[in-house]
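Remarks on the overall topology
Letter by letter, the chains look like this.
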Amino acid sequence: MRHSLLRLPGPVLFLAIANTAAAQSFVDFCPGGDEATQAAVVGYVTDPEAETIVPGATVAASWVQDDERQRIEVQTDIQGLYALCGLPQGTEVTLRALLGDRRGDAVPYATSAPLAQADLFILLTGEPETREEVGSLAAGGGRGQAFSSEVIRAEDLLHLPEMSVYELLRRHQLLRFDRMSTLGEVILLTSATSSLRAGRLQSVQVRINERREVDGVAAIRDLSIDEVSRIEILTRTEASARYGGDGFVGAIAITTRGR
């Protein structure tokens, strides 16, 4: 479903709205917050191509604390304004805007002040075929474990920028994403010849908390790595041993946090 976008009459109006937000205080945006220990980030989500503000978008903040990934998210209001409260002070966080299958670039921010004024903007852009931030991590190094291992644990995801499981697995060395005219986008194992059933190419099945997803690609697009505790990429043999004949094409088994 497409989201309607509010078109700006011009930059003067947008500047006036931004100045209104900037004039507010921490307490105005976060009345229940503790200004002594917490930080807030306030800004607008905009679509640079359509020159619009974007109401109804999600803005997520992600950071590492006590060796665990933490995440807060809020929705933009009718003016495209968001206010992220409850961030820890003195912490490096990553901000990102999301709307449907569109994802903005990850924006690093240090919470050095109780309130970040409205000069912080997060721009929504169409998802490119490749992302430098993910590609550079997948190329190697300690954090490259998440892009090459058959088992990805929560600790392997700790220092990655905020991203969806789709973005993570699309760069994984053991998987190949392909677009079929009859099936849409599917996930295949690079180490196996794809099977044919009823004349159609079969994709790797996706299971989240052991429930098989009918549309695996859509399911991992909507799932953030912040919500994941374990991902297993199972070969045909491994998947068949675990799921019987249902696993003949291989499987991606995802366990979310709290399970």
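The structure we're discussing is the one just above.
Within every chain, residues take consecutive numbers counted from 1 along the sequence as written. Owing to the predicted nature of the model, reporting of local features is limited to residues with pLDDT of at least 70; listing and counting of side-chain atom pairs is limited to 80 or more, with chain, interface and lining totals taken over all residues. Side-chain metrics in this entry use all non-hydrogen atoms of the structure; hydrogen atoms and water are not considered.

A short note on the overall build of the chain
For the purposes of this entry, the term helix denotes a DSSP run of H or I that reaches at least four residues, the term strand denotes a run of E that reaches at least two, and both are numbered from the N terminus. Along the backbone of the chain there are 7 helices and 19 strands. Buried means the residue's accessible area, taken with a 1.4 Å probe over protein chains only, is under 20% of the maximum for its type, while exposed means over 50%, and partly exposed covers the values in between. Within the span of the chain, comprising 259 residues, buried residues form 46% of the whole. About 12900 Å² of surface is accessible on the chain, with carbon and sulfur atoms providing 50% of the total. We get accessible surface area from the Shrake-Rupley algorithm with a probe of 1.4 Å; when it comes to residues, only the shown protein chains can shield them.

Some words on the state of the cysteines
A pair of cysteine sulfur atoms is labelled a disulfide when the two atoms are within 2.5 Å. In this structure the tally under the stated criterion is 1 disulfide. There is a disulfide in this structure between Cys30 and Cys85, and the S-S distance comes to 1.9 Å. Residues Cys30 and Cys85 are joined by a disulfide whose S-S torsion is about -80°; by sign, that bridge is left-handed. Of this pair, Cys30 sits in the loop between helix 2 (26-29) and strand 2 (38-47) while Cys85 sits in strand 6 (residues 81-88); the two residues are 55 residues apart in sequence, bridging distant segments of the chain. What makes Cys85 partly exposed here is its relative accessible area of 25%.

Some details on the nonpolar core
Counting 27 residues, the largest nonpolar core has Val165, Leu168, Leu169, Ile220, Ile231, Ile252 and Ile254 as its most contacted members. Secondary structure elements with two or more residues in this core: helix 5 (165-170), strand 12 (175-180), strand 13 (184-189), strand 16 (205-208), helix 6 (216-221), strand 18 (228-234) and strand 19 (251-256). Per-element accounting of this core gives the leading share, 4 residues, to helix 5. If sequence neighbours within four positions are ignored, Leu168 has contacts with Ala146, Phe147, Ile152, Leu157, Leu160, Met163, Ile225 and Ile231. Working definition of a nonpolar core: buried Ala, Val, Leu, Ile, Met, Phe, Trp, Tyr and Cys residues. They are joined through side-chain atoms within 4.5 Å. By size, the runner-up hydrophobic cluster in this structure holds 17 residues, among which are Val54, Trp63, Leu87 and Val93. Contacts: residue pairs with any heavy atoms within 4.5 Å of one another.

Concerning the sheet that holds strand 19
At least two bridges found by DSSP between two strands is the condition for calling them paired. Read from one edge of the open sheet, 5 strands run 11-18-19-16-17, paired in mixed fashion. Only two strands of the sheet have a single neighbouring strand rather than two, namely strand 11 (151-153) and strand 17 (211-212). Sheet topology note: the strand 16/strand 19 ladder contains 4 bridges and is parallel. Opposite Val206, over in strand 19, you have Ile252 as the bridge partner. As a rule, the C-alpha atoms of each element are fitted with a line to give its axis, helices using only the stretch in contact, and angles between N-to-C directions run from 0 to 180 degrees. The sheet strands contacting helix 7 (residues 236-243) are strand 16, strand 18 and strand 19, and the helix crosses strand 18 at an angle near 110°.

Some words on unusual backbone geometry
For Asn209, which is not a glycine, the phi torsion comes out positive at approximately 50°. With respect to the helices, strands and loops of the structure, Asn209 is situated in the loop between strand 16 and strand 17. Although it is not a glycine, Glu210 sits at a positive phi angle of roughly 70°. Here Glu210 lies in the loop between strand 16 and strand 17. Take Glu210: its relative accessible area is 45%, and that puts it in the partly exposed class.

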